[in-house]
Each structure stands twice: as C-alpha cells, then as structure tokens.
Amino acid sequence: MSAPFRTEFGGQIDRRKSLSFTFDGRIFQGVEGDTLASALLANGVHLMGRSFKYHRPRGVLGAGSEEPNALVSVRRDKARFTPNLRATQVELYDGLVAQSQNRWPSLNFDMGAVTSLLSPFIPAGFYYKTFMWPRKAWNHLYEPAIRAAAGLGSAPTEADPDRYLNRFAHCEVLVIGAGPAGLAAALAASKSGGRVMLVDEQAQFGGTLLAATDALIDGKPAQVWLDETLATLAANPKVTMICRANAFGYFAHNMIGITEGLSEHQAHPAAGAPRERLWQVRAREVVLATGAIERPLVFPDNDRPGVLLADAARIYLNRYGVKPGKRVVVATGHDEAYRAALDMHRAGVEIAAIVDARPHPIGPLVEAAKAAGLTVREGFAITGTLGELRVKGAYIAPIVAAGQVGQTQTLTCDAVLMSGGFTPSVHLFSQSRGKVVWDETLETYLPGQSAEAERSAGACRGKFGLAQALADGFAAGADAARHVVTQTFSVEAVEGAPKGVVGALPHNRGNGAKAFIDWQNDVTTKDLKLAVREGFQSIEHIKRYTTTGMATDQGKTSNLNALGVISDALHRPIPQIGLTTFRMPYTPVTFGVLAGMARGDLFDPIRTTPIHDWAVEQGAVFEDVSLWKRARFFPQGREDMEAAVRRECLSVRKDCGIFDASTLGKIEVVGPDAAEFMNRMYINAWTKLGVGKCRYGILCREDGFVADDGVVGRIAHDRFHVTTTTGGAARVLGMMEDYLQTEWPELNVWLTSTTEQWAVIALQGPKARTILEGLVEGIDLSPEALSHMSLTEGKICGVATRLFRVSFSGELGFEINVPAEHGRKVWEAIWAAGQPHGLTPYGTETMHVLRAEKGFIIVGQETDGTATPDDVGLTWAVGKAKPDYVGKRSLARSSMADPTRKQLVGLLTQDPAVVLDEGAQIIVTRGQTPPMKLMGHVTSSYHSAVMGRSIALAMVSGGRARMGETLYVPMPEGDIAVTVTSPVFYDPEGARVNG
Amino acid sequence: MADLMTNAPTLARHVLRGRPEAMSAAEGALGFALPREACRSASLNHTHALWLGPDEWLLLSAPDAGLGGRLEAAMGTHPHSLVEVSDRQIALVVAGPEAEAVLSVGCPLDLDRAAFPVGMCTRTVLSKAEIVLWRTGQQTFHLEVWRSFGAYLRAFLTASAVVPVAD
C-alpha cells in the first residue's frame, strides 16, 4: 500500500487487489473498486486536466457523472481510444492507460496557458466581436485557427472495432437511479408482481448509501440494508437491474434510451465481447430517482486543483478510502458540508476551519461539528485560494454587509471542500417535456406538472434527507405500480437543513479575480455580468453568448449559480429569468452504441434475386438499386463497362439477350372491381383490355405528375398483374392501399404484393422465340397466338409460368415469370437453350441504353416529379373518356398545357463522338455567360452502338416544337451544339417488336 | 445458435382477403373458423390462418394440400381475393429459452408471454426487415419474411444470438 492518501480500512474497495495504471505516462497503483479519479487522489494527484478556454490547471471537482474538469482519454490500442471520459466514471483496471487532455506539452507545463494571460482580451462573446471582419478572413484565417484551438480531446483515426448491441424492453415500472429513493421505489413496485426495471449510471447500485456512515435503516447500518435490498430485488425474476446504465434520453410515450457499459471496465475483455448495449425501454410508468448534484461555491480562484465538492470528498473518503488532503478548509453555505467535515475529522484529516457564509448556522450537524471541537467561522466567505497546480491555502473574510467583506485572513491547507447545497437533477424530467417550477423555500427548480406517465422521487424533487428520500421513493414506486403497499422499514438519520446558497459569494479581490461558474466552458461571474451589461436579459441569450451550461456536462454543476449571478445583475428574481431546457444526452454517449448492429453487412438489408448467384458466378458487376443488388454488366475478359455494354447491346439487337428483371415491383389486383380500381388509379383505360392482354400503365400523383409506370397484364376478368418500377414497388402499393381504404372502401378489390413471388427472366432479341420454343409446354409462342403486349399461362421447364410478350428494348421480347424458388433452374435452362443462338446475359446498363435508343422513359430519370404524362410524350396513354383518375383534375389546369413546359425530345450532338453529360443544361444561343436562360436539361445520354454515335434524351422547354433546331449545351470546355430530334432513335416504325 | 434458428418446412402460402360472405364460405373449405380477433391465429392439422388485418389472413398449409383450389371453389363469386405467395417468403423458426430475448434485439414489440401469448401473430419489424411474427409455443416463434430479406434476417439473428442475452 504505497498510495499516501489511502485510508487503512473501510469503503467499497479491495485493498488486497492492487492495480497498476498509467496517467500521462507515469505509473501509479490503485486498488480494485477504484475509479481513475479516486486512484489518482489516493496518490495525491488532484491535477487531472486543463480547462477548455484558458488552459487553467484543474483538479477533480466531483465524484460522478457531473464532473466538469477531469476529462481524460483512455487508450487500449490504436482504434480503441476514447476521449472526454470523466475520470470519476472510469473504472480502474490493471494496465489502464489514461492521459489528460487540452494541454501541450504536459499537464504541469502547458503552453496553451498563455491564453490565460490574454484572458482580459477574451471576454464573453469574444468570437462574435472579434472575427466579424474582414469578412474574407473568416474562411482562411479565423475559422481554421479556431478549429485548431477548439474541441476537447482527439478522435481515434481507426474504424471502431468494437461491437454494440441493441435491446428493446418493456416494463410496468422503470426506475431511473438506484440511490435510496430509487431502491425504495423498485422495492415497492416489485411487490406488485409487475415487471420492474432499475437502472443506475454507476458500477454499483446504492447511490449515496454507498458512502453512508451514520444512518440506520430498520435498525441496521444503511449499507447492510442496501445489500439486503439488492438481494431481494435480484431474487425477483420480474426485476431487471442494469448498472453502468446511462439513461440519456426521455422520448415520447415513455420510451427511455439507456446505454449499458458491458466491457469497457474490464482489463481484458473477451475477444469480440460487445462494448455497450443500447436499451430502448417502453415503460408504462417511470420513476425518476435521479438525485441531486452538489453546487460549488462561486469565489475567486475556486478552480484551483485541490478544491472539490464536499460531498464528493466524502464519497472519496467513505466509498473509496481516499483522503482529499491532510489539512482541509471546508467552505460552505449548507449543512451537508459539516457531515463531510465530521467524516474527515474521524478519518484523521485535519480541519483547518469550517467557513460558513451563513451568519448563524444551526442544526444537529452544526452542533455535532462544534461538539467534535471543529473550528466554525460563521458568517465568513472564502474569497480565494493560494497555490499554482495545487491549492496551498485559502483566503477567508467576514461578510460585513450585503456583498461586502472585511479583513482577509489566510488559512493554510492542501484541499478545500466546498458546498453551496444541492441542485435536484431535473434533466430527464425536463426532457420529458415536464415544466419545472421554482421552489422559494428550497431556492431551486423542482419538477412540476408531468407530461408523461412519470413521477420524480427523492432528492431530484427536493426530498434531500435520507428518511424523506426513502419514504418518497417507496410511495412513488407503489404509485407507479398501482399497488397499495406500506413502507416496511424505519430510518434513523441525522438530517441537515435542505437550503443552501445560490450565486456568487462576496469578495474583495478586485476586478481581475476569476470566480468560475461553469468549469468546463470556463465561464466566470465577470462573463455573465458583462453579458447583462451589454443588454442580454433572457437566459436563453445569455447562455448562448457566454456558453454557460453549454459544455458536455450541460451545466450540471453550474446552471443554478449562473441564474443566481444573472438574477443579481438584473435585479430580478430567478423565476423571472427562467431556466434553459435540458437536452439529451444526459451524459455523452458513443456513436457506436447509437449505430448499434447496423454496420457492415447489417447496415441495411442487401436484397438479392433468385438469379443473383448465377450472375456472381458469371463475373457480373453489380449496382445498388434501392436495397437490391442488380447486375449492371457482365464483362468478358478485360472489358470495361463501355466495351461490355457495347457488346451486350449489339448482341440483343442481333441475336438475343437475357436479363434478370426479378426486382420489378409486382402487385396482384384482384376482385370484381379490379378494372374499375385500375381505371381510377392509372391514367389509362382498362375496361376494354382483354384477358390475356397487356398495357403500359402510367400512374400519376394527385398533382398530375408522373409517379410510376409499368406493364400491366390482365390475367382474368377480375385479376390484374401490375408491375412497378424497382424502387417504387412499396410506394405504389402504399398509395393504392391508401386510396382503397380511405377513398373507395366500397370497391370489391384487394391488393397483394407479389414482387418476390415471381422470378422474372427477360428474353429480348430477334432469336428469343426460337430459344424459348423448345422449353414451353402448352404455350403457343407464334405471333398470331401471342402478339406483342399479350400474355399467356402455361409451363416452362415443367414449372408454371405467366409468360408476357413485352419489350423494353424494342426487340421481340418475352418476360417469363416463374415462382421464385424455380427462378434459377429456368434461367439456366433458357441459358443452355440459347447457347447455339448467341444468347448474351446483359445488365441494367445495357437495359438503359436499349430503352433510350427507343425513347422509352425511366421514371425518376426523365421525370423528376414535375413531369406530366404529356411532358414525356405519353398523352396517347390517357383514357380521355374516363370520368376521373388520380391526377386528372390537376392535369386540367391551364398551366399544365403551357406550350413552354419542358417536353421530352432527343438530342443529337453535331459531333457524333461527343457523349453529353447527364444533367447538363441546355441554352438557345451560343456564347452566353452566366446567368443564362436555361431551356432544359439532358436526362439520359449514352453511346449507342447500333446507331454508331451518341444519343441523348432531354427535357426541353417547348421541345416538341423545336424539332430540327440547333441548341447548345454549355460546358466548361465550351458550348456543345446539338440538334433536337424525336426521342425515338432506333427503329422508329417499331417493326422489330413484331418479329 | 444452430438450435435457436431453423428453417421452417416448405409451405404453401396464400393471402386471403375479401368480404365477410366470402370468408364464411372459405371457412367451410378450411374446416375451421378464421380468427376474427386482431393478431390471432387459428389452426387445424397443418393448415393455419393468421389474422393480418380486418379483411386479411395469411394461410399456411402443406405444399400439396390443394388448398387454393378448394378455397376458390368454395368462395365462388363472393367478392374476394386469393393470391398464392408460396415463393414470396420464407420462414424461420426461432426456438429455445433465449428466443424471446434474441428477438427483442431487433423487434420493438413486447414479447412477454402475457403481452404476446401463444397463437398471437402480427406484422412487425426485426431490425430493418419486415416480418410476420407468430408465437407457436411458449418458447417458439415462427417468422415469415420476404425471400430477399432472408439472408439479412439470418445474419441479424445470428449476430443477436452469439452474445449473452440473458440478464
């Protein structure tokens, strides 16, 4: 036992288990049960960080998640490097490597501290005032310099190698916080037989009970009662207890986000062991037992290492067996500091004095301190500290009048314990949209009316005393569980008065003194007063101007003191100033735990077709189309995409190509009113479409713009086989269901998605019929029996098929639908049959070129959500005699017939070798400079092998009246001259589909 | 894990929708009443009807049982829609003492036996895949998922199950 400040016995640590760790390269010894902060304190190290703005040396202030100063980085390896951890929450393990932040070259000697000398020139709102002009300097000078200086810690450069888990959970009662109130609540709720969850941010359950020394519960020491209660809860199968659990967010309808630390605290996590788990808990009722956070006193140089919160010091002593120093000054405005002083005294820490800002403190704790012979300086303020990297003494002075102090005295000490009282933690309550109310008696904000099914219990609603908190928690637990049960235990504890002091203490140290309000963002009383002098009145504005309460700790230790100082400066009571809203997360959470399992292969589902594996075996290159993987092209040898597509296109035009169209959306529309439903949804007329016939359908939205398209086949009088675009499948089904359920519930028609029921094999090319002929049974493929745009049912390779004769290439074409399970078998049979005929597999890129050669649009490429059917040349498809269809009214608006609307045309470059850029703009005259009048844009552009030149589709204002005109495509290299043509480049008579 | 997740046997699947008179006729062919209570199933021998909506049931049956033909014959001209979707989806069975916890990794529903009793079924999500979840036993769940999401679902369940899920 080498640590000089470790006590001989007591606490929740195991002194026999020594742990070695390094901090900033120095090796230290701690023990099992330590946090990094307690282990450093045991070694006499208070200096743990440098402040954000002034780089002032900082010691640990608290003992829990409220810690603003002791932010450290913990490193396991190159990729496992976590910055900005609170040393008070880092559980010590053997071999832990930690380093301080925001200092260079070292914590003891930090060059950045020169900013402290410049601090008179860095007032509140410094950035707003300084970097206003010259305007250009912002990008090149100010912004990079501020970026370099700003931020805490550094992010790891490697990808996060850890695993994170997710878990949805439900319970009748969720209790957040396992201190006295939370434990009592869980105990009461567990008696109802319902599911209870109890979560706590610490490694151990118990909260303040873990540091209790003098209280008796049920006649037993508090820690005995704690152990018994935990055992009772653990034995109840309906109770789930999670420690290291940060309830970071309170979402709507009692959904609570909680992160659970799983392996971060272990010296040697098992390989692949998950690091954290995200719990998304839906609770019928919530009990918030989040406790209270001790308030610092606001006095000059209150940020000197060695100055810490009194209750934190008590926790270090009683729970971790660590003395904060040898001789301490206890500065207070609240009774609880006397309890800390008494515990310190009993542990052999010399109490230089208890310096109480209150003129006549009374009560059992004060009396006990006096009885123990401790010096109490009543009506004295602490007005400063001595020392550099560690406090060496304290200035104190009597408060002689409001805001004035008398003669300064000096006390030597190596630590200052301070307490201004306790601020209830209303963060989660505030997140739940509950409104806080000011309590005049306690001088603090407390939870008011609930917005969710929740209630606060214990210190977080001002019930600070142990007996009060336990009783309040028990009642809250019973209430939450809707269960009548009476408290089963009694409490004997010495309780102090609840009220403390708010705001800054008076001092005589002059204008240069820095009395810190917000340690993490380096905000002092001067900054707040300056903001008020400059005219800021709203706390929301002052907060943003001074950044008080805006650090990662969200002002856990600073908010109320800031309000106190602003209240004084504005001469207005605190409730008139208000309180800023708390935001999630309560304490910072990792990105990893939010991403959870959605990374790598599980980032999103990767949808593949029944023919996918065949395409992989053939060396296809794939592209993502919504969640699908689609074969884009099938390179042979060392072909690039351009060469492969050229070959694939020519093969389809000359012989035949085979294409996997399985991803097309399919909807089976069935019922006696199927045709009527189709009439109302699509712009086309369906009544007269014969059974066994197909039609190209166009779907508009209510606004009259094209939403989707696809071939529709009539399987029976009351049954349509509707296809949609690949990406539009779910959207179209949703839109149809919406109309059916809300507008036309009287129609006897029902919709079923069959997208994945069918594998779809497209066979396109002059030899398609020849290839298929030997494979089908009971199907007559002759043009007379199966003309273009018709369908038939039968068998292929022994499998039932819906065989469509359709073409998206302009060639003779078939689309063979077979049940997905048989997709690959049929594909391979067709593939084999096609070998003597030059059958070539082709991908989506070739499909795109082939359809562009024919002027067929792709919804989403030619259309952009503002194109009417007429704009893209589909007026012929409109069922004009129909009384109504979705979009009809909008299409009747006069602007929809404006002749200057953008219309689909073809473009041919005057230089046939030039392939236009898709998305390029179109202008009427050459040689313009911006801003130009833009007449349209290029929507599709390819090299067409069969045409031996480039082709393009475009949407051009009044395009159909411009046939033969020369337009220009302005590019950085100069204008490209193009001729407006029909969008149908190849086989304009359409003879080939009838082959 | 091998024990936790298995492929369900091959099934014939139909989506049955329609007006009440058609449903009554269908019940004659099925030999049992279609569940009218939301999110409940009914079964006879190897034929199961899962309530998916007020006018929608997913029917699962043995592959060669000829259920579709019998139903069409029974329903006749009563307004209805019967669509075969045997190949649209695949089924996984997740079973064992950990089943509830493993599914809770990705399914936001309350899967406690009291809230999700045996025989309950519903459309829901498992992480980013839509599924039909059907509890067939105290520790057994039948999952129907569209075919192309099968690989994702298997991978997600595998990743969910290799870690200690019991608390």
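Summary of the structure given here. (Residues numbered from 1 in each chain as written. Chains lettered and ligands numbered in written order. Predicted model: local features only at pLDDT ≥ 70, side-chain atom pairs only at ≥ 80, totals over all residues.)

Let's shift gears to the overall build of chain B. Tallying secondary structure elements over chain B gives four helices and 10 strands in all. Secondary structure elements of chain B occur, N-terminal to C-terminal, as β-β-α-β-β-β-α-β-β-α-β-β-β-α. Against the compact-globule benchmark of 15 Å for 167 residues, chain B has a radius of gyration of 16 Å, which places it among compact chains. With respect to the principal axes defined by its C-alpha atoms, chain B has extents near 55 × 30 × 25 Å. The burial tally for chain B puts 43% of its 167 residues in the buried class. Counting contacts in chain B only where the partners sit at least 6 residues apart, residues at least 24 apart contribute 61% of the total. (Helix = DSSP H or I, 4+ residues; strand = E, 2+ residues; numbered from the N terminus. Rg over C-alpha atoms; globule rule 2.2 N^0.38 Å. Buried ≥ 20, exposed ≤ 12 C-beta atoms within 10 Å, placed from the backbone. Contact = placed C-beta atoms within 7 Å.)

Helix and strand counts for chain A stand at 24 helices and 52 strands. Radius of gyration (C-alpha) of chain A: 38 Å, far over the 30 Å computed for a compact globule of 995 residues. Projected onto its principal axes, the C-alpha positions of chain A cover 115 × 70 × 55 Å. Here chain A holds 995 residues, and 52% of them are scored as buried.

Turning our attention to the pairing of strand E33 (residues 621–625) of chain A. Residue and element names in this part refer to chain A. Examined bridge by bridge, E33 and strand E34 (residues 628–633) share five bridges and lie antiparallel to one another. Within E34, the residue paired with Asp-624 across the bridge is Lys-629. Between the end of E33 and the start of E34, which pair antiparallel, lie two residues, with Ser-626 showing a positive phi angle near 45°. (Pairing = 2+ DSSP bridges.)

Now for the interface of chain B and chain A. Contacts between the two partners involve 31 residues from chain B, matched on the other side by 30 residues from chain A. Within the residue set of the side of chain B that touches chain A, elements represented by two or more residues are strand E2 (12–18), strand E6 (80–84) and helix H4 (150–161) of chain B. At four residues, H4 of chain B tops the list of elements feeding residues into the side of chain B that touches chain A.

A few words now on the sheet that holds strand E48 (residues 921–922) of chain A. Residue and element names in this part refer to chain A. Here six strands make up an open sheet; going across it, the order is E48-E49-E50-E47-E52-E51 and the pairing antiparallel. The sheet is open, and its two edges are formed by E48 and strand E51 (966–971), each paired on a single side. Pairing analysis gives four bridges linking strand E47 (residues 902–909) to strand E52 (residues 974–981), with the strands arranged antiparallel. Looking at the pairing, Leu-907 lines up with Val-980 of E52. Its contacts with the sheet put helix H23 (residues 844–853) on strand E49 (936–944) and strand E50 (949–957), and the angle it makes with E49 is roughly 110°. (Axes fitted to C-alpha atoms, helices over the stretch in contact; angles between N-to-C directions.)

Let's shift gears to the pairing of E49 of chain A. On any regular strand, side chains alternate: one points to one face of the sheet, the next to the other face. All names here are of chain A. In terms of residue burial, E49 counts as a mostly covered element, since seven of its nine residues are buried. Strand direction decides the pairing type here: E48 and E49, joined by two bridges, are antiparallel. Bridging across to E49, Gln-921 finds its partner in His-937. Here E49 hands over to E50 after four residues, with Gly-948 in that stretch at a positive phi of 65°.

Turning our eyes to something else, we now look at the sheet that holds strand E17 (residues 307–309) of chain A. Residue and element names in this part refer to chain A. As summarised here, the arrangement of the five strands in space is E17-E25-E18-E19-E20, forming an open sheet in which the pairing is parallel. Each edge of the open sheet carries a strand with a single partner, namely E17 and strand E20 (376–378). Between one strand axis and the next, the sheet turns by 20° as a mean value, whatever way the strands run. Relative to strand E19 (residues 350–356), strand E18 (residues 327–332) is paired through six bridges, and the arrangement is parallel. Opposite Val-328, over in E19, you have Ile-351 as the bridge partner. Contacts between helix H7 (residues 310–320) and the sheet are confined to E17, E18 and strand E25 (415–419), with E17 contributing the most and set at about 85° to the helix.

Now for helix H1 (residues 20–30) of chain B. Residue and element names in this part refer to chain B. Turning to H1, its buried residues are Ala-22, Met-23, Ala-26 and Leu-30. Seen end-on, H1 carries its buried residues on one side only, within an arc spanning 95°. Summarising the geometry of H1, the exposed residues directed more than 90 degrees from the buried face are Pro-20 and Gly-28. Its buried side turned inward, H1 meets E2, strand E3 (41–44), strand E4 (47–53), helix H2 (67–75) and E6. Where H1 ends, the next residue or the one after it, Gly-31, has phi of about 85°, a positive value. (Arc of directions from axis to C-beta.)

Right, let's talk about the nonpolar core for a bit. Ranked by internal contacts, the top residues of the largest apolar core, which has 328 residues, are Val-175, Ala-185 and Val-330 of chain A. Discounting residues that sit within four places of it in the chain, Ala-185 of chain A has contacts with Val-175, Val-287, Ala-289, Ala-457, Gly-473, Phe-474, Ala-476, Gly-477 and Ala-480 of chain A. (Core = buried A, V, L, I, M, F, W, Y, C linked by C-beta atoms within 7 Å.)

Looking now at the environment of Gly-76 of chain B. All names here are of chain B. In this structure, Gly-76 sits in the loop between H2 and E6. A tally of 10 C-beta atoms within 10 Å means that Gly-76 is categorised as exposed. For Gly-76 and Ala-25, which are 51 residues apart along the polypeptide, the C-alpha to C-alpha distance reads 8.5 Å.

A separate point is unusual backbone geometry. Residues and elements named next belong to chain A. With an omega dihedral of 0°, the bond running from Met-584 to Pro-585 counts as a cis peptide bond. Along the chain, the position of Pro-585 falls in the loop between helix H15 (574–577) and helix H16 (591–595). Of the consecutive residues Pro-930 and Pro-931, the connecting peptide bond is found in the cis state with omega at -5°. By the element assignment, Pro-931 lies in the loop between E48 and E49.

Geometric descriptors of this kind do not, in isolation, establish any biological role.
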